[in-house]
Amino acid sequence: MDKLTSEQRKKNMQAVKNKGSIIEIMLAKKLWSLGLRYRKNYSKVFGKPDFVFISLKIAIFCDSEFWHGKDWNIKKYEIKSNQEFWYKKIEQNIKRDEAVNNELLKNGWIVLRFWGNEIKKNLDICANQIYKIYMDKKNECYNDSEKKENSNDQ
């Protein structure tokens, strides 16, 4: 049994954002302050990651705990109303996230996923992890291109 009326539930659901959430904004500002330039919600990359570094093939997702099923095997029992709908919805989201990860990894992408609370509580740690991977990948690409130039000179 739902505690809210259908009108209240509708209003709550309409307020849920699929982009431009607080966790995305926090991470975006932090990455920008570190000098990283990214594309947001880039639809040309499979799964439409929240942040993308196209040339380095790095995809970053900011996942909210509820919608993406963090600790799902435990948390699903906390849902008291409309269980059939929510179980199906969240389990589909979990499967979609796995499929997106697999497809991107198969195509040579680095995939990073952060939970919303992880971003809120440890923003610097999350951003520094992204920055390190970004710089490592950038240096790797630079070294690869330098090796190619040296082999062409011989």
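The rules behind the values
Throughout, a residue's number is its position along its own chain's written sequence, starting from 1. Only residues with pLDDT of 70 or above have their local features reported here, since the model is predicted, and side-chain atom pairs are shown and tallied only from 80 upward, although totals for entire chains, interfaces and linings are computed over all residues. Note that the side-chain values use all heavy atoms of the structure and ignore hydrogens as well as water. To qualify as a helix, a DSSP run of H or I must reach at least 4 residues; to qualify as a strand, a run of E must reach at least 2; elements of each kind are numbered from the N terminus. Each residue is assigned to one of three classes by its accessible area relative to the maximum for its type, calculated with a 1.4 Å probe on protein chains only: buried under 20%, partly exposed between the two thresholds, exposed over 50%. Expected span of a helix, by definition, is 1.5 Å for each gap between consecutive residues, and there is one gap fewer than residues. Think of a polar contact as two N or O atoms within 3.5 Å of one another; within protein, one of them needs to be a possible hydrogen donor and the other a possible acceptor, and neighboring residues in sequence only count if both atoms come from side chains. Residue contacts are defined here by distance: any two heavy atoms, one from each residue, within 4.5 Å place the two residues in contact.

### What about unusual backbone geometry?
Okay, step 1: Phi at Lys 48 is positive, roughly 50 degrees, even though this residue is not glycine.
Okay, step 2: The topology assignment puts Lys 48 in the loop between β1 (39-40) and β2 (51-53).
Okay, step 3: Since its relative accessible area comes to 40%, Lys 48 is described here as partly exposed.

### What to know about helix α5 (residues 83-106)
Okay, step 1: Taking 1.5 Å of rise per residue, 24 residues should cover 34 Å, and α5 covers 34 Å from first to last C-alpha, within 8% of that figure.
Okay, step 2: Every buried residue belonging to α5 is among Trp 86, Ile 90, Asn 93, Asp 97, Val 100 and Leu 104, and all of these are buried.
Okay, step 3: Count one or two residues on from α5 and you reach Gly 108, which has phi positive near 85 degrees.

### Side note on the side chain of Asp 63
Okay, step 1: If you trace the backbone, Asp 63 turns up in strand β3 (residues 58-63).
Okay, step 2: Engagement of the side chain of Asp 63 in a polar contact is seen with the side chain of Arg 113, the distance being 2.8 Å.
Okay, step 3: Look past the residues within four positions of Asp 63 in its chain and what remains in contact with it is Ile 23, His 68, Asp 97, Arg 113, Phe 114, Trp 115 and Gly 116.

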